[in-house]
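# Breakdown of the fold
Next come the chains, spelled out residue by residue.
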Amino acid sequence: MQIDKTFGGKFLQGCGCLSIGIVVLLIIICIIPMDDEEETAEDQQQEAPTAQVEKKDSVVVTEAMEGDPYKELDELIGLEQVKEEVRSLSNFVKVQKQREAQGMKRPKMSYHLVFTGSPGTGKTTVARIVARIYKDLGVLKKGHTVETDRSGLVAAYVGQTAIKTNEVIDSALNGVLFIDEAYALVPEKKANDYGQEAISTLLKRMEDDRDKLVVIVAGYTDEMKRFIDSNPGLKSRFNRYINFPDYSGKELYDIFCMYARKNQYQLSPEAEVHLKKLFDYAVAHKDRNFGNARFARNIFEKSIQRQANRLANVKNATKEQLTILTEDDVKWGSK
């Protein structure tokens, strides 16, 4: 690290009342590195090979928000069967808590869940709501959600995965650990994978911390079945499944309108007709990787960008002009 000479000269001139020894001491203090922990973290991030750099967003902590989680569940677009399953689970937990308070026996139950379905069907959103419902029912003290995937649990070298997995689990205690695409921990046709170490660590902690840890695993239906079947411990702990169906064209249109409403945009009549056809067509021709709600959000974001491009050269645009999305704005595939 080097000191700017111009700055150093001005600094010395302004310190005439100080002895040379004190000035030198101050300069030495200025160039002492930060504490070892901060420097090491930064150095590791800069020097590590790209394939081994830990992405900061591989573990996301979502604190429990204020408000009524049951109301938020009911307000979700679509997902009627999912809502019914979550309500049923909530009712069961509530009654068992009442039995326990009366000194009665209650069946041993698992609060852990398996969410199956395609990407963009609301699994993460519902996991956050379930965490808050568990807090409301007294199952969890904090009700926060720690969201991760294989990259947040599995390390690159032998012996590091257990440490990494335990750290993530520690951050999820008294809340929900949500593992997306959990099947990636058991890759097909790959022996000696470190994912098994993560699973073994997870199963042990689920037993050791059973009163303060809830785990929700999520992913494609077939892959999640393979994942659960890969280990008897997983089968014994995960026995409650909730399937998240793909959205219909109408539901995707409603999701688009929700984004528009929240951001103070409105659709022209022509844009409404075009969007309904667009989403119906997209659903009819979707493939395995179709994004569902993410697709609707992407269309909305592209639409407001096209509106901005259209209005960029309009001086003193009216409030109506800034609000309305036209048919050309919402056309799929337009630039």
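Residues numbered from 1 in each chain as written. Predicted model: local features only at pLDDT ≥ 70, side-chain atom pairs only at ≥ 80, totals over all residues. Heavy atoms only, no water.

### Describing the pairing of strand β5 (residues 213-219)
Which entries qualify depends on this criterion: Throughout, exposure labels follow a simple rule: accessible area from a 1.4 Å probe, protein chains only, divided by the maximum for the residue type, with under 20% read as buried, over 50% as exposed, and the rest as partly exposed. In DSSP terms, a helix is any run of H or I states spanning at least four residues, a strand is any run of E spanning at least two, and both are numbered starting from the N terminus. Strands are labelled as partners when DSSP assigns at least two bridges between them.
Counting buried positions along β5 yields 7 of 7 residues, so the element is predominantly enclosed. Going residue by residue along β5, you find Leu213, Val215, Val217 and Gly219 tucked away on one face and Val214, Ile216 and Ala218 tucked away on the opposite face as well. Note that strand β2 (residues 113-117) and β5 share 4 bridges and pair parallel. Bridge pairing in β5 places phenylalanine 115 opposite alanine 218. Across 6 bridges, the pairing between strand β4 (residues 175-180) and β5 is parallel. Directly across from leucine 177, in β5, lies its bridge partner valine 215.

### Considering the environment of alanine 156
Secondary-structure assignment places alanine 156 in the loop between α7 (150-153) and α8 (160-172). Taking the relative accessible area as the measure of exposure, alanine 156 reaches 40% and is therefore partly exposed. Each C-alpha atom of the pair alanine 156 and tyrosine 194 lies 8.1 Å from the other, and the pair is 38 residues apart in sequence.

### Side note on the pattern of salt bridges
Rules: One speaks of a salt bridge when a side-chain nitrogen belonging to Lys or Arg is within 4 Å of a carboxyl oxygen belonging to Asp or Glu.
The tally for this structure, following the rule as stated, stands at 19 salt bridges. The salt bridge partner of lysine 83 is glutamate 80, with a shortest N-O separation of 3.4 Å. Of the two residues, lysine 83 and glutamate 80 are both situated in helix α5 (residues 80-101); the distance of 3 residues between them amounts to about one turn of the helix.

### A look at the packing of aromatic side chains
How we decide: Stacked, tilted and edge-to-face pairs are distinguished by plane angle, under 30 degrees for stacked and over 60 for edge-to-face with tilted covering the rest, among Phe, Tyr and Trp rings (Trp via its six-membered ring) whose centres lie within 6.5 Å. Ring-over charges, as used throughout, are those where CZ of Arg or NZ of Lys falls within 6 Å of the ring centre and within 35 degrees of the ring normal.
Here the structure, examined in full by the defined rule, presents 9 aromatic pairs. Seen from their ring centres, phenylalanine 256 and phenylalanine 279 are 6.3 Å apart, and the 55° between their planes marks the pair as tilted. Here the residue phenylalanine 256 occupies a position in helix α12 (residues 249-262), and phenylalanine 279 occupies one in helix α13 (residues 269-284), the gap between them amounting to 23 residues. With respect to burial, phenylalanine 256 and phenylalanine 279 carry one shared label: buried. Plain terms: the ring middles of phenylalanine 290 and phenylalanine 295 are 5.2 Å apart, the flat faces sit at 45° to each other, and that makes the pair tilted. You'll find phenylalanine 290 and phenylalanine 295 in the same group, each marked buried. The lysine or arginine in question, arginine 288, covers the ring of tyrosine 220, its NZ or CZ lying 3.9 Å from the ring centre.

### Quick notes on the layout of surface pockets
The line we're drawing: A 1.4 Å probe that fits but cannot get out identifies a cavity on a 1 Å grid over protein atoms alone, an open set with protein on both sides within 12 Å along at least five of seven lines counts as a pocket, and a residue lines either if it has an atom within 4 Å of a point. Grid points are joined across faces, edges and corners, and a volume is the space filled by probe spheres set on the points. Residue polarity follows a fixed list, in which Ala, Val, Leu, Ile, Met, Phe, Trp, Tyr, Cys and Pro are nonpolar, Asp, Glu, Lys and Arg are charged, and the others, Gly among them, are polar.
In this structure, the largest pocket occupies an estimated 1,300 Å³ of space. Looking at the lining of the largest pocket, the elements that each hand over two or more residues are β1 (59-62), α4 (69-75), α6 (123-137), β3 (145-148), β4, α12 and α14 (293-311). Among the elements that line the lining of the largest pocket, the one with the most residues is α6, at 8 residues. The residue inventory of the lining of the largest pocket, partitioned by class, reads 18 nonpolar, 14 polar and 15 charged.

### Thoughts on the sheet that holds β1
Backbone-to-backbone hydrogen bonds pair the strands of a sheet. The strands run either parallel or antiparallel. Selection rule: Between N-to-C directions, angles cover 0 to 180 degrees, with each direction set by a line fitted to C-alpha atoms, over the stretch in contact for helices.
Taken together, the 6 strands give an open sheet; going across it, the order is β1-β3-β4-β5-β2-β6, and neighbouring strands pair in mixed fashion. Edge strands, defined here as strands with exactly one partner in the open sheet, are β1 and β6 (241-244). Neighbour-to-neighbour, the strand axes of the sheet open up by a mean angle of 20°, direction not taken into account. Bridge count for β3 against β4 is 4 bridges, and the pairing is parallel. Counterpart to valine 146 in the pairing with β4 is leucine 177.

### Focus: the packing of α12 against α14
Applicable threshold: When an angle is under 35 degrees it counts as roughly parallel; over 145 it counts as roughly antiparallel; between 65 and 115 it counts as roughly perpendicular; any other value is oblique. It is the rotation of the near helix from the far one that decides the hand of a crossing: anticlockwise by less than a right angle makes it left-handed, clockwise makes it right-handed. Throughout, a residue-residue contact means that at least one pair of heavy atoms, one from each residue, lies within 4.5 Å.
In contact at an axis separation of 9 Å, α12 and α14 are set at 45° when each is read in the N-to-C sense. Regarding the angle of α12 to α14, the classification is oblique. Where α12 crosses over α14, the two elements pack in a sense that is right-handed. Together, Leu252, Ile255, Phe256, Tyr259 and Ala260 of α12 and Ala293, Ala296, Arg297, Ile299, Phe300 and Ser303 of α14 make up the contact between the two elements. When grouped by side-chain class, the residues that make up the contact of α12 with α14 number 9 nonpolar, 1 polar and 1 charged.

### Regarding the pairing of β3
Neither face of β3 is left uncovered, since the one carrying Thr145 and Glu147 and the one carrying Val146 and Thr148 both have all their residues buried. Across 4 bridges, the pairing between β1 and β3 is antiparallel. Bridge pairing in β3 links valine 59 to threonine 148.

### Regarding α6
Selection criterion: Multiplying 1.5 Å by the helix residue count minus one yields the expected span of that helix.
In this model α6 runs 21 Å from its N-terminal to its C-terminal C-alpha over 15 residues, within 8% of the 21 Å that 1.5 Å per residue would give. Inspection of α6 places Lys123, Val126, Ala127, Ile129, Val130, Ala131, Arg132, Ile133, Tyr134 and Leu137 among the buried residues, and these make up the whole buried set.

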